[in-house]
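Architecture and fold: a report
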There are 2 protein chains.
Amino acid sequence: MAKHDPDLSLLFHALADPTRRAILSHLAVGPAAVSDLAEPTGLRLPTVMRHLSVLEEAGLIATSKNGRVRTCAIRPEAMEPARTWMDRQKAIWEARLDRLDAFVMNAMKEQDK
Amino acid sequence: MAKHDPDLSLLFHALADPTRRAILSHLAVGPAAVSDLAEPTGLRLPTVMRHLSVLEEAGLIATSKNGRVRTCAIRPEAMEPARTWMDRQKAIWEARLDRLDAFVMNAMKEQDK
């Protein structure tokens, strides 16, 4: 049940930080080394590594090591549960508006009789 | 610029908690009094009030007081910036995949010559 979905909480938490969103935007155009991701943030490497851990824990990125270089790649499909959750909320909300519309239309018809 | 968008951070932070998501799902079907929202959560009222403050600060709900009853209503349009941000990431990612496809197709054509 979405109410207790821990993955959804991890996902939204990962997206709730501007540095982590900037890292994801960077990775959307292609995989990058940790040092290349750190440079535009102006943050120290350990801080960037902590942000990368949060993104990896949420499943939003995957990392691999080749010699001394750690490369990060985006996993865009990981964002889908967040989108699905928002779509469901929107559908429930719109169904409610449709019912309200129908109620008002009926009330107006009754008044015209 | 999305990188430093504080509203987007507030929004994703508000959605990163299962109780807050449950409250939004409850409100999607219609406005509700704070006490009605608190009941299914099993949480104490001050805790629920703190969750409602986070949702209100993110613009996801609006509250109004009528006598001693505080009523909450969802503001579904407030979720749009989050959806827009995710759509943009997806578009960048898909453009990259299209370029990769084109590159592979060209390479195969060159090989066939």
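Below: a short report on this structure.

What counts and what doesn't
- Residues numbered from 1 in each chain as written.
- Chains lettered and ligands numbered in written order.
- Predicted model: local features only at pLDDT ≥ 70, side-chain atom pairs only at ≥ 80, totals over all residues.
- Heavy atoms only, no water.
- Contact = heavy atoms within 4.5 Å.
- Buried area = accessible area lost by both parts, 1.4 Å probe.
- Salt bridge = Lys/Arg side-chain N within 4 Å of Asp/Glu carboxyl O.
- Polar contact = N/O pair within 3.5 Å; in protein donor to acceptor, adjacent residues only side chain to side chain.
- Helix = DSSP H or I, 4+ residues; strand = E, 2+ residues; numbered from the N terminus.
- Nonpolar A, V, L, I, M, F, W, Y, C, P; charged D, E, K, R; others polar.
- Pairing = 2+ DSSP bridges.
- Axes fitted to C-alpha atoms, helices over the stretch in contact; angles between N-to-C directions.

1. A closer look at the interface of chain B and chain A
- Taken together, the contact between chain B and chain A spans 36 residues of the former and 36 residues of the latter.
- Both faces combined, the contact of chain B with chain A buries some 3,100 Å², and carbon together with sulfur accounts for 62% of it.
- Taken together, chain B and chain A are joined by four salt bridges.
- Across the salt bridge formed by Glu80 of chain A and Lys90 of chain B, the nearest N and O atoms sit 3.8 Å from each other.
- Taken together, the links from chain B to chain A amount to eight residue pairs in polar contact (both at pLDDT 80 or more).
- Breaking the side of chain B that touches chain A down by element, the ones donating at least two residues are α1 (6–15), α2 (18–28) and α5 (80–112) of chain B.
- With eleven residues, α5 of chain B is the largest single contributor of residues to the side of chain B that touches chain A.
- For the side of chain B that touches chain A, the residue count by class is 21 nonpolar, six polar and nine charged.

2. Some words on the sheet that holds strand β2 (residues 61–66) of chain B
Residues and elements named next belong to chain B.
- Taken in spatial order, the three strands of this open sheet run β1-β3-β2, and their pairing is antiparallel. Single-partner strands in this sheet number two, and they are β1 (32–33) and β2.
- Direction of pairing for β2 relative to strand β3 (residues 69–74): antiparallel, over a ladder of six bridges. Note that in β3 the partner of Ile61 across the bridge is Ile74.
- Docked against the sheet, α2 engages β1, β2 and β3, running at close to 90° with respect to β3.

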